[in-house]
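# Observations on the model geometry
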Amino acid sequence: MEEKQIAKKIFSDILADYFATYNVDPFSVNINIVDDMWEGYLKIRPDHAEMNSKEMEEFQRKNKGTAIPPQRYDDLFTILLQREYLEECVRNNKVDWIGTLVHEAAHVNDFMQFSKIVGVRNYDIILNRDNYRMFHLWTEFNAKVKGYYFLRKYTFGEVQNEEQVKFIVDTELPYHIKDLFEVYHSTNNGDWQMYYVVHFLGRLYVWQKLFPQYFTERSIRDMLTSNIWMYELYMFLSTHTKLEDAYRDFKGMKNILKQNFNGL
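Residues numbered from 1 in each chain as written. Predicted model: local features only at pLDDT ≥ 70, side-chain atom pairs only at ≥ 80, totals over all residues. Heavy atoms only, no water.

## A closer look at the overall build of the protein
When you go through the protein residue by residue, the secondary structure sums to 13 helices and 3 strands. Its C-alpha radius of gyration of 18 Å places the protein within 12% of the 18 Å reference for a compact globule of 264 residues. When the backbone C-alpha atoms are referred to their principal axes, the protein occupies close to 50 × 45 × 35 Å. In the protein, which comprises 264 residues, the share counted as buried stands at 47%. Within the protein, residue pairs in contact and separated by at least 24 positions form 68% of the contacts whose partners lie at least 6 positions apart. (Helix = DSSP H or I, 4+ residues; strand = E, 2+ residues; numbered from the N terminus. Rg over C-alpha atoms; globule rule 2.2 N^0.38 Å. Buried < 20%, exposed > 50% of the residue type's maximum accessible area, 1.4 Å probe, protein only. Contact = heavy atoms within 4.5 Å.)

What follows is the structure in structure tokens.
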């Protein structure tokens, strides 16, 4: 079997596991492995060259994976995976790429479902962050949750083995708190700041779901007490894990964020 066919089979098996784990109706998607994420993106959607800013170009070039909506509504989404990243993962026997693939697959599913909810048959309309900011933040949280869970699932097998807790508490959690502080304060762009926050909260949600006796609601409140809006956002996201439920109360989510981001 050729390498491309082997990769296609592996990707298919991972996606099948994602569909089964989260009760998602299976969908087809193109998966391309590319050397340069931005060039790969523009090959699929050259019409976006004028739409995206220099900042977006730089972001895509740093990306390890991304989901690209089709120009025609009924066509397939495309997931790009960065070749060097993928090869490095395989070389070092790491499964980070699985988390990335599932993360992007979750975005694809969210976009398809949201287009039905709002009655829009043009994904480019949904890409407009100014009009659909709450959806963009929700899907980042959701994709982080699902991708990070799969990373842990394929790394440890027994995802709820309590032997993992000490490393999470002593190493992972402090690292990601520090990282969030640094990236948050590295920019004045509110969209990027919110993006970093929901990714952190997505990781925190996975820990709470796997080890609720250690990551209790009280401990999470204490952890986020200096940023009450962040705690309230976490509570919203963790209690609105279905897109339909979240959409009905996006106004409430927006009001939480307005406590810290006045321009919303």
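Now that the structure is up, let's keep going.
## Here's the deal with unusual backbone geometry
Its identity is not glycine, yet N23 carries a phi of approximately 55°, on the positive side. Tracing the backbone through its elements, the reader meets N23 in the loop between α1 (3-21) and β1 (30-34). The backbone phi angle of N93 is positive, close to 55°, even though this residue is not glycine. Looking at the element boundaries, N93 is found in the loop between α4 (83-91) and α5 (96-118).

## Things to note about the pattern of salt bridges
Applying the stated criterion across every chain, the model contains 13 salt bridges. A salt bridge links D191 to R133; the shortest N-O distance between them is 2.7 Å. One end of the pair, D191, is in helix α9 (residues 190-210); the other, R133, is in helix α7 (residues 133-156), and 58 residues separate them in sequence. With a relative accessible area of 23%, D191 lands in the partly exposed category. Of the charged contacts in the structure, one is a salt bridge between D170 and K166, with a shortest N-O distance of 2.7 Å. One end of the pair is D170 and the other is K166, both in helix α8 (residues 165-184) and 4 residues apart, which spans about a single turn. Given the relative accessible area of 44%, D170 is considered partly exposed. Residues joined in a network through salt bridges with shared partners are R45, D47 and D124. (Salt bridge = Lys/Arg side-chain N within 4 Å of Asp/Glu carboxyl O.)

## Quick look at the pairing of strand β3 (residues 78-82)
With 5 of 5 residues buried, β3 is to be regarded as a mostly interior element. Of the two faces of β3, the one carrying T78, L80 and Q82 and the one carrying I79 and L81 are both buried. Direction of pairing for β1 relative to β3: parallel, over a ladder of 5 bridges. Bridge pairing links I33 to L81 in β3. In this sheet, β3 lies alongside strand β2 (residues 65-68) in antiparallel orientation, the contact comprising 4 bridges. For I68, the partnering residue across the bridge sits in β3 and is T78. (Pairing = 2+ DSSP bridges.)

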